[in-house]
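An overview of the molecular structure
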Amino acid sequence: MGFRWYGEGNDTVTLDQVRQVPGVETIVWSLHHKQAGEVWEEAEIAAAMATITELTDEHRARGITRTFDAEVVESVNVHEAIKLGKDVLGLSRDEAIASYRTTIERLGRAGVKVVCYNFMPVFDWLRTDMFHPLPDGSTALFYEKAVVDTLTPESLIASMELDQGGLTIPGWEPERLASFTELKEAYAGVTREDMYANYAYFLDAVIPVCEASGVKLGVHPDDPAFDIFGWPRVVSRKEDLARVLSLNDSPHHGLTLCLGSFSSNPESDAVDAVRTFMDRIHFSHVRNIKHLGNGDFTEVAHRACEGSVDTVGIMKAYAEAGYEGYIRPDHGRHLWDENTTNRPRPGYGLYDRALGIQYLLGVWDACHHGR
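Summarised in this report is the structure supplied together with it. These figures come from a predicted structure and were not determined experimentally.

Scanning the entire structure with this criterion turns up 26 salt bridges. Taking the shortest distance from any N to any O, the salt bridge between aspartate 16 and arginine 62 comes out at 3.4 Å. Taken as a pair, aspartate 16 in helix α1 (residues 15–19) and arginine 62 in the loop between α3 (57–61) and β3 (69–74) lie far apart in primary sequence, 46 residues in all. Under the relative-accessibility criterion, arginine 62 is labelled partly exposed at 47%. Among the ionic pairs, aspartate 352 bridges to arginine 333, the shortest N-O distance being 2.8 Å. Placement of aspartate 352 in helix α15 (residues 351–368) and of arginine 333 in the loop between β12 (326–328) and α15 is noted, with a sequence separation of 19 residues between them. With respect to class, aspartate 352 is no different from arginine 333; both count as buried. Because the salt bridges share partners, they merge into one network encompassing Arg4, Glu74, Arg127, Asp223, Arg287, Glu299, Arg328 and Asp330.

Encoded structure:
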């Protein structure tokens with residue numbers, strides 16, 4: 001069980017708080033100041049991992065012995081030149097791939113086992129309201145189709161910048177947004193087949209390094225799992241996942257199966273996806289959303305009956321298969337003081353993720369111990 005953490009000074013949640021959440025073993029981390037295409041330096045990697053895995057003298061003085069591992073990185077972002085197969089944002093595809101290979105090698109030497117990434121064009125993910133009110137008084141991420149249908153990408157960027165509250169939101173970094181005009185022009189006319197061809201080129205270049213370094217790559221499904229603004233998304237539906245996996249048959253090429261993102265398409269069956277792709281799931285995000293009709297959906301509590309995703313069936317499928325990969329609760333609602341004085345990064349507060357972990361582990365224990 002993992003917990004995504006954005007680092008000291010960049011997260012409203014502290015490691016000491018996470019330490020008190022039963023069952024968490026892995027801190028899912030990244031070097032969030034690094035831009036796509038930049039090489040991660042060995043000293044930066046070592047420092048970040050030491051913060052996660054080591055205890056201070058002050059901890060020991062208080063009798064604290066519980067530690068974490070830092071075996072999962074989310075994410076090492078793929079440069080747009082790789083997705084496009086051509087020069088963009090000052091880099092060629094091969095230059096960007098060379099940087100990616102070097103970063104994977106260094107992460108493997110440091111002890112990282114799984115790297116999450118995505119292959120979405122331009123924007124990593126999309127919501128229209130970061131703090132949408134729910135009937136119980138909590139707030140959550142919300143997607144309203146009618147709003148997206150009337151927005152331009154430029155107006156969406158402006159609204160997202162207002163919602164960040166001083167915390168950089170992955171996928172919506174200022175550096176990326178500043179280059180939007182160039183990206184928009186570069187993606188003109190790019191097809192799904194173009195994206196798959198460029199994806200295969202990337203995998204052929206990177207997977208041998210993953211195999212040599214002991215690092216498994218897990219691609220995150222598109223979020224939401226359908227095309228937006230006319231840009232082709234190629235990791236959305238079950239058929240897309242199967243095709244992506246067929247691009248390279250190495251066991252080091254697999255999925256970060258985010259069941260919330262995957263289920264944003266109401267035609268998708270999360271439990272079926274888990275059972276179908278079990279052997280290639282290196283990392284999984286388990287969360288719940290509720291479809292509201294007209295293409296709208298909201299994120300809700302992890303409990304299965306709260307939404308449209310069968311989180312019980314998902315955990316049962318993992319338990320029955322004896323899954324040994326990594327998992328985390330993913331987004332949670334914003335609860336209690338997170339709605340007032342301690343507003344977190346959208347979706348990444350403490351309390352609902354802690355509650356979600358207990359729910360998911362409860363289902364796991366009930367199913368796994370009965371095998």
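With that settled, consider the nonpolar core. Membership of the largest hydrophobic core comes to 93 residues, with the highest contact counts inside it found for Trp29, Tyr100, Val115, Phe202 and Tyr318. Considering each element in turn, this core owes the most residues, ten residues, to helix α10 (residues 192–213). Residues Val28, Val114, Phe283 and Tyr326 belong to the second largest nonpolar core, which totals six residues.

All right, on to the pairing of strand β10 (residues 288–293) then. The pairing of β10 with strand β11 (residues 296–300) spans five bridges and is classified as antiparallel. Within β11, the position partnered with histidine 291 by the bridge is phenylalanine 297. Once β10 ends, the chain turns through two residues before running back antiparallel as β11, passing asparagine 294 with a positive phi of about 60°.

Now for the packing of aromatic side chains. Evaluation of the coordinates by the stated rule reveals twelve aromatic pairs. For the ring pair tyrosine 117 and tyrosine 199, a centre distance of 6.4 Å and an interplane angle of 85° mean the geometry is edge-to-face. Placement of tyrosine 117 in strand β4 (residues 114–117) and of tyrosine 199 in helix α10 is noted, with a sequence separation of 82 residues between them. A relative accessible area of 0% places tyrosine 199 in the buried class. Seen in terms of ring centroids, tyrosine 318 and tyrosine 323 are 4.5 Å apart; in terms of plane orientation they differ by 40°. Their pairing is tilted. Take tyrosine 323: its relative accessible area is 11%, and that puts it in the buried class. Linked through ring pairs, Tyr100, Tyr117, Phe119, Tyr199 and Phe202 together constitute an aromatic cluster. Sitting above the plane of the tyrosine 196 ring, arginine 243 keeps its charged end 4.0 Å from the centroid.

Each strand in a sheet pairs with its neighbour through backbone hydrogen bonds, running either in the same direction (parallel) or in the opposite one (antiparallel). The parallel open sheet is built from eight strands, whose spatial order is β1-β2-β3-β4-β7-β8-β9-β12. At either end of the open sheet lies a strand with only one pairing partner, and these are β1 (2–4) and β12. For this sheet, the mean inter-axis angle between neighbouring strands, taken without regard to orientation, is 25°. The pairing of strand β2 (residues 26–29) with β3 spans three bridges and is classified as parallel. Across the sheet, threonine 26 pairs through a bridge with aspartate 69, a residue of β3.

Moving on to the environment of alanine 205. With respect to the helices and strands, alanine 205 occurs in helix α10. The exposure class assigned to alanine 205 is buried, which follows from its relative accessible area of 18%. It is 19 Å that separates the C-alpha atoms of alanine 205 and glutamate 193, two residues lying twelve residues apart in sequence.

A few words on the sheet that holds β10. Overall, antiparallel pairing links the four strands, which are arranged β5-β6-β11-β10 in an open sheet. Pairing within the sheet leaves two strands with one partner each, and these edge strands are β5 (129–133) and β10. Averaged over all neighbouring strand pairs, the angle between strand axes comes to 40°, with direction disregarded.

What follows is about the side chain of histidine 252. For histidine 252, the position within the fold is in the loop between α11 (238–246) and β8 (253–258). Given the relative accessible area of 17%, histidine 252 is considered buried. Those residues within four positions of histidine 252 in sequence are excluded, and the remaining contacts are Ile207, Cys210, Glu211, Gly214, Val215, Lys216, Leu217 and His282.

Another aspect to go through is unusual backbone geometry. Between glutamate 74 and the following residue, serine 75, the backbone shows a cis peptide bond with an omega angle of 10°. Secondary-structure assignment places serine 75 in the loop between β3 and α4 (80–84). Note the cis peptide between aspartate 223 and proline 224, where omega equals 0°. Positionally, proline 224 belongs in the loop between β7 (216–219) and α11. Even without glycine at this site, leucine 89 takes up a positive phi of about 55°. Summarising the element assignment, leucine 89 is placed in the loop between α4 and α5 (93–110). With a phi angle near 70°, aspartate 330 is a residue other than glycine that sits in the positive phi range. Of the residues examined, aspartate 330 reaches a relative accessible area of 1% and is grouped as buried.

Cut-offs used in this document
Residues take numbers from 1 onward in each chain, read along the sequence in its written order. In view of the model being predicted, local features appear only for residues whose pLDDT reaches at least 70, and side-chain atom pairs are presented and counted only at 80 or more, with totals across whole chains, interfaces and linings using the full set of residues. The basis for every side-chain value is the complete set of non-hydrogen atoms in the structure, without hydrogens or water. The rule for a salt bridge is simple: a side-chain nitrogen of Lys or Arg has to be within 4 Å of a carboxyl oxygen of Asp or Glu. By definition, any uninterrupted DSSP run of H or I lasting at least four residues is a helix, any uninterrupted run of E lasting at least two residues is a strand, and each is numbered from the N terminus. We call a residue buried when its accessible area falls under 20% of the maximum for its residue type, exposed when it is over 50%, and partly exposed in between, using a 1.4 Å probe and counting protein chains only. Within this scheme, the nonpolar core is defined by two criteria: the residues are buried Ala, Val, Leu, Ile, Met, Phe, Trp, Tyr or Cys, and they are joined through side-chain atoms within 4.5 Å. Strands qualify as paired when DSSP identifies two bridges or more between them. Here a pair means two rings of Phe, Tyr or Trp (six-membered ring of Trp) with centres within 6.5 Å. Their orientation is stacked below 30 degrees between planes, edge-to-face above 60, and tilted elsewhere. The rule is short: NZ of Lys or CZ of Arg within 6 Å of the ring centre and within 35 degrees of the ring normal puts a charge over the ring. Angles run from 0 to 180 degrees between N-to-C directions of axes, and those axes are lines fitted to C-alpha atoms, restricted for helices to the stretch in contact. The contact definition used throughout considers only heavy atoms, calling two residues in contact when any of these lie within 4.5 Å.

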